[in-house]
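Chains, contacts and geometry: an overview
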Amino acid sequence: MVLQDLGRRINSAVNDLTRSNNLDEKAFDDMLKEICAALLSADVNVLSTSPPLPAAVNKKRLIQKTVFDELVALVDPHAQPFRPKKGRPNVIMFVGLQGAGKTTTCTKLARHYQTRGFKTALVCADTFRAGAFDQLKQNATKAKIPYYGSLTQTDPAIVAAEGVAKFKKERFDIIIVDTSGRHRQEEELFTEMTQIQTAVTPDQTILVLDGTIGQAAESQSAAFKATADFGAIIITKTDGHAAGGGAISAVAATHTPIIFLGTGEHMMDLERFEPRAFVQKLLGMGDVASLVEHVQAITKDSSSAKETYKHIAEGIYTIRDFRENITSIMKMGPLSKLSGMIPGLSNLTQGLDDEDGSMKLRRMIYIFDSMTAAELDSDGKTFVDQPSRMVRIAHGSGTTVREVEDLLSQHRMMAGMAKRVGGQKKQMQRAQNML
Ligand code: GDP
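Under an unreviewed UniProt entry, the name given to the chain is Signal recognition particle 54 kDa protein, and the organism recorded is Penicillium cataractarum. UniProt, in its Subunit (unreviewed entry) section for the chain, records the words "Fungal signal recognition particle consists of a 7S RNA molecule (scR1) and at least six protein subunits: srp72, srp68, srp54, sec65, srp21 and srp14." In the Sequence similarities (unreviewed entry) part of its UniProt record, the chain is described as follows: "Belongs to the GTP-binding SRP family. SRP54 subfamily."

Written out as structure tokens, the structure is:
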């Protein structure tokens, strides 16, 4: 399977066509051929899924939709991920190669559960890497999460068992065990993993995969699956450029759900995996160009909107800019028409009718309005350092912490795009000319 290139190939084929003003049959057929070839090489049955093509004008849409649906089906393993229950200990064990992002992601996940009312603790069973315990200790302290580890015990299975026993006794709901990695898949790593698994009998084992490794994800996840049968995957470093194909490979190879994506080095950079949003990003459906165009369309008259637009051209996107965009969108009428144009907006309003969709946007405005001026003008990092701010804002706006988190992660995604626009000199030039 050549999954690594799938997203890129489809993306460029669709983009070629969408850019071309002259949507003639030949351009269309070329794209169709390219997409069929890409899908076939990824073992997707093109013939059974492509309906007969209607008039040319709808073809572009149809192709995009077919490709989109196929890829969503590919990353959705149709398996339910594990859901921890309160009032009993849930032991979660992390596995993965060194550098994949295990230690970082352990703390992110612990923080995630902690803000949802689970009593959460971390155990460092990485006795292999010098400094691993220190790193976990630092992260855990910052997130105010109790932790356990040892500087003297060299047997990771013993440390793991001790830590889990201690936190079970103290009635913790979630106990996350970080294990060691190696640079390569080695016999010793797998032996150690099985020993820890036997020692702590986890309710859930999670494989942490570096999203930038591309095609290697397939063999790596298969090797881990064979030894330490994991029930969920977290893909890290999806804020980098190359993420995508690898994730699809891992799911295809193991039929295991991806539950979260790591989207940065900070503690809050953890997003729930949504197959549709993921594929949308992979295909660049809400891409930089459409963001620029959209902002251009909705910012014609307002001066604060011009400010936002100028910001985007410079690669800046504050929370206030996001508020401005949402306000403009609300002025523009039925959401169903607009949601496809903005990355993530369709994700936000998916499955909602226009009325529910506008309610969701209104609740976002309540959230913005509960922020201080400094928070609005920030890049959002201030919430990473002080998560209690989110609780304050949820209370103040009559919404939930989940909604505040979703809004912030949405903002981070938009900010990431703005940054890329800012980095693209040509587009910046174009943007400035349009002011
Ligand atoms: P471990 O060896 O598997 O425990 O990996 P670490 O947790 O130490 O992470 C390795 C490196 O990857 C560190 O520099 C992390 O800051 C970085 N990292 C982890 N997750 C992410 C992510 O989602 N995005 C980015 N950009 N970096 C990450």
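So much for the structure itself; the text now carries on.
Counting secondary structure elements, the chain contains 22 helices and eight strands. Looking at the 435 residues of the chain, the share that counts as buried comes to 43%. Counted over contacts in the chain with a minimum sequence separation of 6, partners at least 24 positions apart contribute 74%.

Taken together, 17 residues form the shell around the ligand, and within it Gly 101, Lys 102, Thr 103, Thr 104 and Gly 262 come nearest. For the shell around the ligand, the element with the most residues is helix α5 (residues 102–114), which contributes three residues. A per-class count over the shell around the ligand returns one nonpolar, 11 polar and five charged.

Another point: the pairing of strand β7 (residues 258–262). Burial analysis of β7 places four of its five residues in the buried class, which makes it a mostly covered element. Both strand β6 (residues 232–236) and β7 contribute to a ladder of three bridges, which runs parallel. Counterpart to Ile 233 in the pairing with β7 is Ile 258. Here three bridges tie β7 to strand β8 (residues 270–272), and the two strands are oriented antiparallel to one another. Along β8, the bridge assignment pairs Gly 262 with Leu 270.

The next thing to look at is the pairing of strand β4 (residues 174–179). The buried fraction of β4 amounts to six of the six residues, a majority that puts the element mostly inside the structure. Here β4 shows two buried faces, one formed by Ile 174, Ile 176 and Asp 178 and the other by Ile 175, Val 177 and Thr 179. Both strand β1 (residues 90–95) and β4 contribute to a ladder of five bridges, which runs parallel. The residue bridging Met 93 from the neighbouring strand is Val 177, located in β4.

Turning to the sheet that holds β1, a few remarks are in order. An order of β3-β2-β4-β1-β5-β6-β7-β8 is seen for the eight strands of this open sheet, with the pairing classed as mixed. Bordering the open sheet on either side are β3 (147–148) and β8, each of which pairs with just one other strand. Pairing geometry for strand β2 (residues 120–125) and β3, over two bridges, is parallel. Paired with Leu 122 across the bridge in β3 is Tyr 147. Along the sheet, α5 contacts β1, β2, β4, β5 (204–210), β6, β7 and β8; its crossing angle with β4, the most-contacted strand, is approximately 175°.

Checked against the element boundaries, Tyr 147 lands in strand β3. Of the residues examined, Tyr 147 has 23 C-beta atoms within 10 Å and is grouped as buried. Considered as a pair, Tyr 147 and Leu 136 are 11 residues apart in the sequence and their alpha carbons are 8.1 Å apart. Excluding anything up to four places from it in sequence, Tyr 147 contacts Ala 121, Leu 122, Cys 124, Leu 136, Lys 137 and Ala 140.

Now for α5. An ideal rise of 1.5 Å per residue puts 18 Å on 13 residues; α5 measures up with 18 Å between its terminal C-alpha atoms. α5 sits mainly inside the fold: 10 of its 13 residues count as buried. Among all positions in α5, only Lys 102, Thr 103, Thr 104, Thr 105, Cys 106, Thr 107, Lys 108, Leu 109, Ala 110 and Arg 111 are buried.

Interaxial distance between helix α7 (residues 156–169) and helix α8 (residues 187–200) falls to 9 Å at its minimum, and their mutual angle equals 25°. Judged by the inter-axis angle, α7 sits roughly parallel to α8. Here α7 runs over α8; the crossing is right-handed. Counting all contacts with α7, which are made through Pro 156, Ala 157, Ala 160, Ala 161 and Val 164, the residues of α8 involved are Glu 192, Gln 195, Ile 196, Ala 199 and Val 200. In terms of residue class, the contact of α7 with α8 is made up of eight nonpolar, one polar and one charged.

Criteria and cut-off values
- Residues numbered from 1 in each chain as written.
- Predicted model: local features only at pLDDT ≥ 70, side-chain atom pairs only at ≥ 80, totals over all residues.
- UniProt positions renumbered as here; feature names shortened; annotations may be inferred.
- Helix = DSSP H or I, 4+ residues; strand = E, 2+ residues; numbered from the N terminus.
- Buried ≥ 20, exposed ≤ 12 C-beta atoms within 10 Å, placed from the backbone.
- Contact = placed C-beta atoms within 7 Å.
- Near = placed C-beta within 6 Å.
- Nonpolar A, V, L, I, M, F, W, Y, C, P; charged D, E, K, R; others polar.
- Pairing = 2+ DSSP bridges.
- Axes fitted to C-alpha atoms, helices over the stretch in contact; angles between N-to-C directions.
- Expected span 1.5 Å × (residues − 1).
- Parallel < 35°, antiparallel > 145°, perpendicular 65-115°, else oblique.
- Left-handed = near helix turned anticlockwise from the far one by under 90°.

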